[in-house]
Amino acid sequence: MAQRISLTRYLVEQQRVDGLIPSQLRLLLEVVARACKSISQAVNKGSLGGVLGSADSENVQGEVQKKLDIIANEVLIEANEWGGHLAAMASEEMDGIYLVPNRYPQGEYLLLFDPLDGSSNIDVNVSIGTIFSVLKKPEGDRGVEEGDFLQAGHQQVAAGYCVYGPQTTLVLTVGDGVAMFTLDREQGSFVLTQENVRIPEDTKEFAINMSNMRHWDAPVKRYIDECLQGREGPRGKDFNMRWIASMVADVHRILTRGGVFMYPWDKREPNKPGKLRLLYEANPMGWLIEQAGGAATNGKQRILDIQPSQLHERVSVILGSKNEVERVTSYHSSL
Ligand code: AHG
Ligand code: MN
Ligand code: MN
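How each quantity is defined
Residues numbered from 1 in each chain as written. Chains lettered and ligands numbered in written order. Predicted model: local features only at pLDDT ≥ 70, side-chain atom pairs only at ≥ 80, totals over all residues. Heavy atoms only, no water. Donors = N, O, S within 2.8 Å, 3.2 Å for Na, K, Ca; no water. Helix = DSSP H or I, 4+ residues; strand = E, 2+ residues; numbered from the N terminus. Buried < 20%, exposed > 50% of the residue type's maximum accessible area, 1.4 Å probe, protein only. Pairing = 2+ DSSP bridges. Contact = heavy atoms within 4.5 Å. Axes fitted to C-alpha atoms, helices over the stretch in contact; angles between N-to-C directions. Phe/Tyr/Trp six-rings, centres within 6.5 Å; stacked < 30°, edge-to-face > 60°. Near = heavy atom within 4 Å. Polar contact = N/O pair within 3.5 Å; in protein donor to acceptor, adjacent residues only side chain to side chain. Areas by Shrake-Rupley, 256 points an atom, 1.4 Å probe, with all protein chains shown as cover. 1 Å grid on protein atoms, 1.4 Å probe; cavity = no way out; pocket = protein on both sides within 12 Å on 5 of 7 lines; lining within 4 Å. Points joined across faces, edges and corners; volume = space filled by probe spheres on them. Salt bridge = Lys/Arg side-chain N within 4 Å of Asp/Glu carboxyl O.

### Some thoughts on the coordination of the manganese ion (ligand 2)
Four donors placed tetrahedrally around a metal ideally meet at 109.5 degrees, and six donors placed octahedrally ideally meet at 90 or 180 degrees.
Then comes step 1: Asp114 (OD), Asp117 (OD) and Glu281 (OE) make up the full set of protein donors to the manganese ion (ligand 2), lying at 1.8 to 2.1 Å.
Then comes step 2: All donor residues of the manganese ion (ligand 2) come from one chain, and their arrangement in sequence is D-x2-D-x163-E.
Then comes step 3: Here the manganese ion (ligand 2) and the manganese ion (ligand 3) are spaced 3.7 Å apart, and both take Asp114 as a donor. Here Glu281 lies in helix α6 (residues 278-291) and Asp114 lies in strand β5 (residues 109-117), a separation of 167 residues in the sequence. Note on accessibility: Asp114 and Glu281 belong to one class, buried.

Written as structure tokens, this is what we have:
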């Protein structure tokens, strides 16, 4: 039997080969993985653990929080605050940044997360996940401020997600390709199950919430309309559609077999650039997709080049198989 490579061994060996994972970052990634393991346990218990349903509270974006949104947020904070590898954290579920308390040593990294992605799927037993992004704290002795988190996506030093589905899978990049680790529940460890993940450049599968079609703008309408015309239309091939409503699960499918995912701006809330969050969702996913040979844009520019101006900034997202993303993006400039 081929030798099993644990997440720990993978991180140690990657550092030896290309020096991309210094020890503080390795500790950080191991702690995040441990937190994901415990979120996975809570998710698995479902009703038996009393974790389903809403929590009678709203987050800063006005969304009703689910019990698991709050549990996952607490698990990530408690796991990460004491290790000395972090200076501060930011989460989709917290209004402001969370500074590592003074009683603990301060590290050089900033951790950002969407603790529970796909909240609407929790109670219906459909795949959900955790998304995370790691930045370096800017140099200097002063304390961390919210502005320190406003770094463009290309400055990330690590990013990943854990999907809680039929399997629990952790997907990671430190800028040297994408690796996938499957949770072995008997051993309690993540085991490397795929390296050098590559997304096919072409695809016949798209993911978008079609119920919003009447609210889209012209380039997105044009692209989807051409896909729907199938073999008889300008694309000359039939397209399939999937929409899971958990970005982690949709992105995981795309990393596995290709496809294009879109959550575009739409007229329902014209003043917001989109629904998804730049720092907790689009940046980490955009980097993973690029690292696997795909592309990620907001229709006008590369997601990773957007300079954030707010912690909870939203963005329009088009990501996945390179040629399709380039096509949708080109429709934005030609209309
Ligand atoms: P979250 O549960 O973290 O708020 O994110 C949900 C996001 C994303 O995961 C998914 O792609 C999208 O919202 C689904 O939105 P619709 O329900 O509007 O389709
Ligand atoms: Mn989310
Ligand atoms: Mn969430």
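### Observations regarding the sheet that holds strand β10 (residues 189-194)
Then comes step 1: Here we have 8 strands laid out as an open sheet, ordered β4-β3-β5-β6-β7-β8-β9-β10, and mixed in their pairing. Edge positions in the open sheet fall to β4 (98-99) and β10, since each of these has one partner strand only.
Then comes step 2: Looking at chain direction, β5 and strand β6 (residues 128-136) are connected through 7 bridges and run antiparallel. Counted as the bridge partner of Leu111 is Val134 from β6.
Then comes step 3: Contacts between helix α5 (residues 247-257) and the sheet are confined to β5, β6, β7 (158-164), β8 (168-173) and β9 (178-184), with β7 contributing the most and set at about 105° to the helix.

### Digging into unusual backbone geometry
Generally, phi is negative for residues other than glycine and the peptide bonds are trans, each holding for most cases.
Then comes step 1: A positive phi is found at Asn196, a non-glycine position, where the angle reads about 50°.
Then comes step 2: Its relative accessible area of 57% is what places Asn196 among the exposed residues.
Then comes step 3: Despite not being glycine, Ala245 has its phi angle at roughly 70°, a positive value.
Then comes step 4: When its relative accessible area of 33% is taken as the criterion, Ala245 is described as partly exposed.

### Quick word on the packing of aromatic side chains
Then comes step 1: Going through the model one piece at a time under the given rule, you end up with 5 aromatic pairs.
Then comes step 2: For the pair Tyr10 and Phe181, a centre-to-centre distance of 5.1 Å together with 75° between the ring planes defines the contact as edge-to-face. Linking Tyr10 in helix α1 (residues 7-18) with Phe181 in strand β9, this pair joins segments that are 171 residues apart in sequence.
Then comes step 3: A relative accessible area of 0% places Phe181 in the buried class.
Then comes step 4: Among the aromatic residues, those joined into a ring-pair cluster are Trp243, Phe261 and Tyr263.

### A short note on the site of ligand 1
Then comes step 1: With respect to spatial proximity, 17 residues lie near ligand 1, and among them Asp117, Ser119, Asn209, Met247 and Tyr263 are the closest.
Then comes step 2: Residue Ser119 places a main-chain N or O atom 2.8 Å away from an oxygen atom belonging to ligand 1.
Then comes step 3: The separation between an oxygen atom of ligand 1 and a polar side-chain atom of Trp243 is 3.0 Å.
Then comes step 4: In isolation ligand 1 has 470 Å² of accessible area, and contact with the protein removes 87% of it.

### Brief notes about α5
Then comes step 1: Counted residue by residue, α5 has 9 buried out of 11 residues, so it is predominantly covered.
Then comes step 2: Among all positions in α5, only Met247, Val248, Ala249, Asp250, Val251, His252, Arg253, Ile254 and Leu255 are buried.
Then comes step 3: One or two steps after α5, the chain reaches Gly258, where phi turns positive at roughly 90°.

### Section: empty space enclosed by the protein
Then comes step 1: As enumerated under the stated definition, the model contains 3 cavities of 30 Å³ or more in all.
Then comes step 2: A volume near 40 Å³ is recorded for the largest cavity.
Then comes step 3: Lining the largest cavity are Tyr10, Gln14, Leu172, Thr173, Val174, Asp176, Gly177 and Ala179.
Then comes step 4: Breaking the lining of the largest cavity down by element, the ones donating at least two residues are α1 and β8.

### As for the pattern of salt bridges
Then comes step 1: The final tally for this structure, using the stated rule, is 20 salt bridges.
Then comes step 2: Put simply, Asp250 and Arg253 hold a salt bridge, and the shortest N to O gap is 2.8 Å. With Asp250 and Arg253 both in helix α5 and 3 residues apart, this pair spans about one turn of that helix. For the residue pair Asp250 and Arg253, the accessibility class agrees, reading buried in each case.
Then comes step 3: We note a salt bridge from Arg268 to Asp266, for which the minimum N-O separation is 2.7 Å.
Then comes step 4: With a relative accessible area of 43%, Arg268 lands in the partly exposed category.
Then comes step 5: Residue Asp266 is classed as buried on the basis of its relative accessible area, which comes to 6%.
Then comes step 6: By sharing partners, the salt bridges in this structure join Glu63, Glu92, Arg277 and Glu281 into a single network.

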